[in-house]
Amino acid sequence: MGTRQIEFVIADAPPPRLDKALSRDVPAEATLSRTRLARLIEAGQVTVNGAVITDAKAKVAAEAVVVITVEEAEDSHIGPEDIPLDVVFEDDDLIVINKPAGMVVHPAPGSPSGTLVNALLHHCGDNLSGVGGVKRPGIVHRIDKETSGLLVVAKSDAAHQGLAAQFEKHTVERYYRALCYGVPDANDPRLRGVKGVSFEPGNIMKLTTNLARHKTDRQRQAVLFQGGRHAVTRVRIVEPFGKPQVAALVECWLETGRTHQIRVHMAHAGHGLIGDPTYGGKRKLSAKALHPNAQDAVRTFPRQALHAAVLGFVHPVTGEDLRFEAPLPEDMEGLITALRLPLS
């Protein structure tokens with residue numbers, strides 16, 4: 001395996017720890033994250049004034065000469081697979097995919113193959129410059145297996161660091177379309193009594209809670225108000241369905257991005273997503289409210305009716321503002337068509 005050496009001098013007033021000083025002063029073109037630098041220090045691949053330093057907390061003085069030896073990116077242990085991809089945008093640093101429902105993003109014990117990462121390894125081939133020292137796509141966010149829609153993946157270390165920073169700062173624009181039971185309307189007195197639910201101008205429902213893994217069911221997330229991680233979701237009604245109204249197409253956008261956030265928040269508000277096997281439940285809707293075909297379509301919808309429709313961010317290398325939209329998939333369009341059927 002080939003190596004490259006990065007040499008530079010520590011600038012004035014360095015931070016008290018070596019890893020922080022390297023993170024500040026390493027040349028930007030080296031595209032080494034602080035996590036990667038910490039691993040290189042631990043591996044004995046960093047010298048300061050000719051001496052190998054393996055303690056990330058070691059002090060370093062201004063004008064010290066640092067040499068970092070970096071191994072060229074190695075091939076991933078994950079195998080490439082020739083799986084068709086709906087590519088919305090691609091350049092040397094990143095790729096935006098419209099993921100179909102049913103595809104897992106990253107290999108795991110229950111899904112070792114057939115994932116988005118397997119497909120990207122085949123699609124990108126030698127165009128992956130390496131993320132964290134491995135030729136692999138950099139996953140900076142995920143959407144659930146049965147959720148469709150837009151996902152951005154880094155192809156280079158520089159893009160991976162830049163995108164991860166934007167997600168951490170919650171500056172990425174993400175809008176979802178979902179079909180839910182009931183209509184989350186400010187005029188519903190029940191919602192006024194749900195802790196964590198408030199309304200903003202324009203009949204926008206705001207859900208503010210903490211989220212954490214469920215105590216007894218590790219596959220679920222649970223709403224908390226002490227402990228866990230802060231989570232904020234906003235919801236706007238796009239189109240209600242039924243007479244009386246018993247379902248709605250809604251637009252949801254995230255201030256934070258937690259696991260299952262929209263699904264668990266909507267369930268907490270009493271408006272679980274149609275088809276959601278984990279949080280939505282199966283509800284018997286009034287036979288008088290919807291056409292029989294609509295009743296059947298709701299009852300048999302095979303997944304959570306959730307689609308990542310809009311994704312916007314600043315290109316981490318070029319600085320260009322990017323914004324992408326993905327139309328609703330056929331299954332959700334079919335469900336909406338059924339819900340619009342007149343009763344007579």
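The structure we're discussing is the one just above.
An account of the accompanying structure is given in this report. Predicted, not measured: the structure shown is a model, and the values here were computed from it.

This part is about the pattern of salt bridges. Applying the stated criterion across every chain, the model contains 15 salt bridges. A salt bridge links Arg234 to Glu200; the nearest nitrogen and oxygen atoms lie 2.9 Å apart. Of this pair, Arg234 sits in strand β15 (residues 229-241) while Glu200 sits in strand β12 (residues 197-200), and the two are 34 residues apart along the sequence. Taking the relative accessible area as the measure of exposure, Glu200 reaches 25% and is therefore partly exposed. The salt bridge involving Glu325 is made with Arg323; its shortest N-O contact spans 2.9 Å. Assessed through its relative accessible area of 56%, Glu325 is described here as exposed. What you see here is one network of salt bridges that share partners, running through Asp144, Arg263 and Asp276.

Moving on, we get to the side chain of Gln221. You can see Gln221 is positioned in strand β14 (residues 221-224). Judged by its relative accessible area of 12%, Gln221 is buried. When sequence neighbours within four positions are dropped, the list of residues in contact with Gln221 reads Leu211, Ala212, Arg213, His214, Thr259, His260, Val264 and Tyr279.

What follows deals with the sheet that holds strand β3 (residues 51-52). Taking strand neighbours across the sheet as the criterion, the four strands line up as β1-β4-β2-β3 in an open arrangement whose pairing is antiparallel. Sheet topology places β1 (3-9) and β3 at the edges, where each strand pairs with a single neighbour. Strand contacts of helix α2 (residues 34-42): β2 (46-48) and β4 (65-71), with the helix running at about 95° to β4, the strand carrying the most contacts.

Glancing now at the environment of Ala222. Note on placement: Ala222 falls in strand β14. In the structure, Ala222 is positioned 43 residues away from His265 in sequence and 9.0 Å away in space, judged by C-alpha atoms. Excluding anything up to four places from it in sequence, Ala222 contacts Asn210, Leu211, Ala212 and His214.

Taken across its eight residues, helix α6 (residues 261-268) has six buried, putting it largely inside the fold. Buried within α6 we find Gln261, Ile262, Arg263, Val264, His265 and Met266. Residues of α6 that are buried make contact with β11 (173-181), β13 (204-213), β14, β15, β16 (247-254) and β17 (306-314). Positioned one or two residues after α6, Gly270 has a phi angle of 85°, which is positive.

This paragraph deals with the environment of Glu239. Relative to the helices and strands, Glu239 resides in strand β15. Each C-alpha atom, one on Glu239 and one on Gln219, is 31 Å from the other, the two residues being 20 residues apart in sequence. If we ignore the near neighbours within four places in the chain, the residues touching Glu239 are Ala247, Ala248, Leu249 and Arg340.

This part is about the side chain of His271. Mapped onto the elements of the fold, His271 is located in the loop between α6 and α7 (292-300). Residue His271 is classed as buried on the basis of its relative accessible area of 3%. Side chain to side chain, His271 and Arg190 meet in a polar contact 3.2 Å long. Among all residues touching His271, those that are not within four sequence positions of it are Cys180, Tyr181, Gly182, Val183, Pro184, Arg190, Leu191, Met266 and Arg283.

So, on to the environment of Gly102. Positionally, Gly102 belongs in the loop between β7 (94-99) and α3 (116-124). What makes Gly102 partly exposed here is its relative accessible area of 34%. In sequence terms Gly102 and His307 are 205 residues apart; their C-alpha atoms lie 12 Å from each other.

This brings us to the pairing of β13. When you tally the buried positions in β13, you get seven out of ten residues, the bulk of the element. Relative to β13, β12 runs antiparallel, the two sharing four bridges. Among the inter-strand pairings, Phe199 is bridged to a residue of β13, identified as Met205. Connecting β12 to the next strand, β13, in antiparallel fashion are three residues, including Gly202 with a positive phi near 90°. Where β13 lies against β15, seven bridges are found, and the strand directions are antiparallel. If you follow Asn210 over to β15, its bridge partner there is His230.

Parameters and conventions
- Residues numbered from 1 in each chain as written.
- Predicted model: local features only at pLDDT ≥ 70, side-chain atom pairs only at ≥ 80, totals over all residues.
- Heavy atoms only, no water.
- Salt bridge = Lys/Arg side-chain N within 4 Å of Asp/Glu carboxyl O.
- Helix = DSSP H or I, 4+ residues; strand = E, 2+ residues; numbered from the N terminus.
- Buried < 20%, exposed > 50% of the residue type's maximum accessible area, 1.4 Å probe, protein only.
- Contact = heavy atoms within 4.5 Å.
- Pairing = 2+ DSSP bridges.
- Axes fitted to C-alpha atoms, helices over the stretch in contact; angles between N-to-C directions.
- Polar contact = N/O pair within 3.5 Å; in protein donor to acceptor, adjacent residues only side chain to side chain.

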